[in-house]
Amino acid sequence: MKINTGAVVEVPVSSGLAYAQLTHTAKPYGALLRVFPGIFEVRPRDLSAVVTSVPLFSCFFPLAAAVRQRRVAIAGHQPVAEALRPFPIFRAGMVNPETGRVDVWWLWDGVNEIRVDKLEHQLRKLNIRGVWNDTLLAVRIEQQWRPEYDPC
């Protein structure tokens, strides 16, 4: 199934419906979703108002498989907001099992990686690179999670 950039994704969560938008795809991670704040009882009539808000977070997600399995649905299509057109920078790192913290971070722009030994406060707001399943996506949406909440 081909799902195009701009697809608005409806994510069922225990308290209602949440929305994200497909803004990019990146090998090997797949669909990049920008997840928007708010949980709705019913699908909003004006999806453009949802997708023009500031996203809570961005994550990679196996979108085509989740649609096929009816874990999420495509609610419509909207143009990607100008602010969301550039590919975002992600952070990534391995947790040290002795400390439970990441000692070395890497920043990734979709092509290049740069090593960062310490994350300054502003860099903690960068999204964490990885592919999320529908369970983690729903939990993070329910929590209205943000990357800076990550304890590592």
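In this text, all values refer to a predicted model and were calculated from it rather than measured experimentally.

Student: Is there a simple way to think about the overall build of the chain in this case?
Tutor: A tally of regular secondary structure across the chain gives 3 helices and 9 strands. Over its C-alpha trace the chain gives a radius of gyration of 16 Å, about what one expects of a compact globule, namely 15 Å for 152 residues. The dimensions of the chain, computed from C-alpha atoms along their principal axes, are 45 × 30 × 25 Å. When the 152 residues of the chain are sorted by exposure, 45% land in the buried category. Roughly 8,500 Å² of accessible area belongs to the chain as shown, and the carbon and sulfur atoms make up 53% of that amount. Taking the 18 positively charged and 14 negatively charged side chains of the chain as two groups, their mean positions are separated by 5 Å.

Student: Is there a simple way to think about the sheet that holds strand β4 (residues 57-61) in this case?
Tutor: Sheet strands associate in pairs through backbone hydrogen bonding, adopting either a parallel or an antiparallel arrangement. Spatially, the 5 strands line up as an open sheet ordered β4-β3-β2-β1-β5, and their pairing is antiparallel. What marks the edges here is a single partner per strand, and that holds for β4 and β5 (73-77). Between one strand axis and the next, the sheet turns by 35 degrees as a mean value, whatever way the strands run. Alignment of strand β1 (residues 7-13) against strand β2 (residues 16-26), held across 6 bridges, turns out to be antiparallel. Note that in β2 the partner of Val-11 across the bridge is Ala-18.

Student: So what exactly am I meant to see when it comes to the environment of Asn-112 here?
Tutor: On the secondary structure map, Asn-112 appears in the loop between β7 (101-108) and β8 (113-116). Separated by 35 residues in the primary sequence, Asn-112 and His-77 place their C-alpha atoms 30 Å from one another.

Student: Sorry, what's going on with the sheet that holds strand β6 (residues 90-96) here?
Tutor: Strand order in this open sheet of 4 strands is β8-β7-β6-β9, and the pairing throughout is mixed. The open sheet is flanked by β8 and β9 (127-128), the only strands paired with a single partner. Relative to β7, β6 runs antiparallel, the two being bridged by 6 bridges. Paired with Phe-90 across the two strands is Trp-108, which belongs to β7.

Student: What is the right way to read the pattern of salt bridges from this model?
Tutor: When the charged atoms of two side chains lie near each other, side chains of opposite charge can form a pair. Under the criterion given, the structure shown has 5 salt bridges. In this structure, the salt-bridge partner of Arg-71 is Asp-134, at a minimum N-O distance of 3.4 Å. Note that Arg-71 is positioned in the loop between α2 (63-68) and β5 and Asp-134 in helix α3 (residues 134-143), a separation of 63 residues in sequence. Relative accessible area serves as the criterion here: at 41%, Arg-71 is assigned to the partly exposed category. Between Glu-82 and Arg-85 there is a salt bridge, with the nearest N and O atoms lying 2.7 Å from each other.

How each quantity is defined
Residues numbered from 1 in each chain as written. Predicted model: local features only at pLDDT ≥ 70, side-chain atom pairs only at ≥ 80, totals over all residues. Heavy atoms only, no water. Helix = DSSP H or I, 4+ residues; strand = E, 2+ residues; numbered from the N terminus. Rg over C-alpha atoms; globule rule 2.2 N^0.38 Å. Buried < 20%, exposed > 50% of the residue type's maximum accessible area, 1.4 Å probe, protein only. Areas by Shrake-Rupley, 256 points an atom, 1.4 Å probe, with all protein chains shown as cover. Lys, Arg positive; Asp, Glu negative; His and termini not counted. Charge placed at Lys NZ, Arg CZ, Asp CG, Glu CD. Pairing = 2+ DSSP bridges. Axes fitted to C-alpha atoms, helices over the stretch in contact; angles between N-to-C directions. Salt bridge = Lys/Arg side-chain N within 4 Å of Asp/Glu carboxyl O.

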